[in-house]
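Listed here are the chains, written in short residue letters.
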Amino acid sequence: MTVSSQGRSLFAASRKVYPRAASGRFRVLKNRVNAVLLTLYFVAPWIRWHRGPGAADQAILLDMSGRRGYFFGIEIWPQEVYYLTGLLVLGAIGLFFATALFGRVWCGFTCIQTVFTDIFVAVERAIEGDRNARIKFDAQPLSAAKLRRKLLKNAVWLVIALLTSWTWLIYFSDAVQSTADLFHGRTSVWMLSMWVVFTASTFLFAGYAREQVCIYMCPWPRFQSAMFDEDSLIVTYEAWRGEPRGKAPKDGDFAGRGDCIDCGLCVQVCPTGIDIRNGSQLACIGCALCIDACNGVMEKIGRPGNLISYDSVTNQVARAKGLPTRLRLVRPRTAIYAAILLAVMIGLAAVLTTRARQTVNILHERSPLYVRLSDGSIRNGYTVKILNMQRKPQDYQLTLAGLDGAQLTVIGYTDEPVDSVKLPVPGDAVGVFRVYVTVPKGAKVGGRTDVDFVFTGLSGGAFMTQESLFAAPAK
Ligand code: SF4
Ligand code: SF4
């Protein structure tokens, strides 16, 4: 433990948070968002998408062993991993855009940690009771009844963690086959290990670490404040209206004092256990449950609602001065994010719809760069890779251009040098060929000469030309 020179600990012990159940429109919204996200999450890997015989038929699949990514009609090869980079950029800019508009709406409503923690807390509440009951229950000495309820809670958490983790894994391997393998005891050790790791992470993060993940482990809160400006909508407390706070007046007269009756409900419902009345804080995930709690209190005591509200700093200042307020969604920052978002989306869509489904890579042999044969001719070696990303097989007729007198030899396809050779590549496969290019003695080559490898698709009519070089002794 790190201690000061006075022998005191420099770190405060973490305080267990017992979130109280909240009710109101944001709680309802959170429930609906949770339901939609969890339904999508659990259903998506089971959706089938016919891609032809022998091809993966899962609509959304990141097939690690087959080195392919599938998203409905889109198929991504390892060579096209830049699409994933584009998607990540899209996600990041989308997050910046949402944050600039609505503050930490991602953290409060859609982050996987928030959603799973919400479910785990709901289970805890169902088994151990709401906040006060849980505090009392935890303070009780261990008994058989307490142990039973604790075990039950942990068992339900474990089942949820097992299900959510397995669902995560079947985004990376065929859902139907993998689940059938699981029931027949044929799951690989690797997959079982990953299941254990993800289950343990979900169980610990959502069951025990909870708000600690948001406050101490997640990097996003550290730099999300850079996306805010004074017009971003964030959860704020109207201190000018709430202070000075005090117990609810018995005669209902609020003259000369603030509307906050210091009931503490906004703190009790907070999943991170903070007091929003102390101002905007890193630990506030923007879940808006304190708004629900306070609005309930304001309604009961007959004061105007939204003492805590989703509002901008600009509006708060205007309200305090009695000036008109306005919602400024379109501003330079949001316009720039929206423009970048749109540009990346259009760029990705354009690249996806126009991308070639047959490509060629040619690697010139470097050691040796060339060989002089006994008859005086000069030979260079190449590795030619043809990616046939179509489902059907394709024959490619390879010829050379730009190098006088050059002839081809392809290991396994031609024994003697020829002008042209047919290279077959199965559907959905990469054909790898060892190719030699030879020029006769006396040919006009020296140093490095450009040579074109020309591929003509015999069955599909595709036509590709790939430039390479031919090395020879300097003249
Ligand atoms: S302060 Fe309010 S909005 Fe922020 S995390 Fe707590 S309950 Fe959610
Ligand atoms: S819920 Fe409202 S009234 Fe109660 S302490 Fe919080 S801000 Fe004050």
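Here is a short report on the structure shown in this document. (Residues numbered from 1 in each chain as written. Chains lettered and ligands numbered in written order. Predicted model: local features only at pLDDT ≥ 70, side-chain atom pairs only at ≥ 80, totals over all residues. Heavy atoms only, no water.)

Remarks on a nonpolar patch on the surface
Right, on to step 1. A cluster of nonpolar residues, Phe42, Val43, Ile47, Val159 and Leu163, forms a patch on the protein surface that exposes about 400 Å² of accessible area.
Right, on to step 2. Looking at the nonpolar patch, the elements that each hand over two or more residues are helix H1 (25-43) and helix H6 (144-169).
Right, on to step 3. Tracing the backbone shows isoleucine 47 in the loop between H1 and strand E1 (60-63). (Patch = residues over 30% accessible without salt bridge, like charges linked within 9 Å, V, L, I, M, F, W, Y side chains within 5 Å. Areas by Shrake-Rupley, 256 points an atom, 1.4 Å probe, with all protein chains shown as cover. Salt bridge = Lys/Arg side-chain N within 4 Å of Asp/Glu carboxyl O. Helix = DSSP H or I, 4+ residues; strand = E, 2+ residues; numbered from the N terminus.)

Things to note about the site of ligand 2
Right, on to step 1. Taken together, Tyr237, Cys260, Ile261, Asp262, Cys263, Gly264, Cys266, Arg277, Cys294, Met298 and Ile308 make up the full set of residues near ligand 2.
Right, on to step 2. A breakdown of the residues in the shell around ligand 2 according to their chemical character gives eight nonpolar, one polar and two charged. (Near = heavy atom within 4 Å. Nonpolar A, V, L, I, M, F, W, Y, C, P; charged D, E, K, R; others polar.)

Looking at the packing of aromatic side chains
Right, on to step 1. Throughout the structure, instances matching the rule amount to 18 aromatic pairs.
Right, on to step 2. Pairing tyrosine 82 with tyrosine 83 gives two aromatic rings, centres 4.7 Å apart and planes at 45°, and the pair type is tilted.
Right, on to step 3. Arranged with centres 5.9 Å apart and planes meeting at 55°, the rings of phenylalanine 96 and tyrosine 337 form a pair that is tilted. In this pair, phenylalanine 96 sits in helix H2 (residues 82-102) while tyrosine 337 sits in helix H15 (residues 332-354), placing the two residues 241 residues apart along the sequence.
Right, on to step 4. What makes phenylalanine 96 partly exposed here is its relative accessible area of 22%.
Right, on to step 5. For tyrosine 337, a relative accessible area of 14% translates into the label buried.
Right, on to step 6. One aromatic cluster is present, built from ring pairs that chain together Tyr41, Phe42, Phe116, Trp168, Tyr171 and Phe172. (Phe/Tyr/Trp six-rings, centres within 6.5 Å; stacked < 30°, edge-to-face > 60°. Buried < 20%, exposed > 50% of the residue type's maximum accessible area, 1.4 Å probe, protein only.)

Points about the nonpolar core
Right, on to step 1. Core analysis: the biggest nonpolar cluster contains 27 residues, and Val384, Val437, Phe453, Phe455 and Phe470 have the highest contact counts within it.
Right, on to step 2. Elements with a contribution of two residues or more to this core: strand E6 (358-364), strand E8 (378-388), strand E9 (394-401), strand E10 (407-410), strand E11 (420-425), strand E12 (429-439), strand E13 (447-457) and strand E14 (463-472).
Right, on to step 3. Residues within four places of valine 437 in sequence aside, it is in contact with Ile378, Arg379, Asn380, Tyr382, Leu400, Leu403, Ala406, Gln407, Leu408, Phe453 and Phe470.
Right, on to step 4. Grouped together as the second largest cluster of nonpolar side chains are 22 residues, Phe26, Val235, Ile261 and Leu307 included. (Core = buried A, V, L, I, M, F, W, Y, C linked by side-chain atoms within 4.5 Å. Contact = heavy atoms within 4.5 Å.)

What to know about the pattern of salt bridges
Right, on to step 1. A full pass over the atoms with the stated rule returns 30 salt bridges.
Right, on to step 2. When the shortest N-O distance is used, the salt bridge between arginine 303 and aspartate 259 registers 2.8 Å. Residue arginine 303 is found in the loop between helix H13 (289-301) and strand E5 (308-311), and its partner aspartate 259 is found in the loop between helix H11 (239-242) and helix H12 (265-268); the two are separated by 44 residues along the sequence.
Right, on to step 3. What makes aspartate 259 buried here is its relative accessible area of 3%.
Right, on to step 4. When the shortest N-O distance is used, the salt bridge between aspartate 275 and arginine 277 registers 2.9 Å. Assigned by exposure class, aspartate 275 and arginine 277 land together as buried.
Right, on to step 5. Three or more residues are tied together by salt bridges with common partners; here these are Lys16, Glu124, Glu128, Arg134, Asp138, Lys150, Lys153 and Arg210.

With respect to the sheet that holds E11
Right, on to step 1. As summarised here, the arrangement of the four strands in space is E11-E9-E13-E14, forming an open sheet in which the pairing is antiparallel. The open sheet terminates on both sides in strands that have one partner only, identified here as E11 and E14. Between one strand axis and the next, the sheet turns by 30° as a mean value, whatever way the strands run.
Right, on to step 2. Pairing between E13 and E14: ten bridges, direction antiparallel. Bridged to valine 451 within E14 is serine 468. (Pairing = 2+ DSSP bridges. Axes fitted to C-alpha atoms, helices over the stretch in contact; angles between N-to-C directions.)

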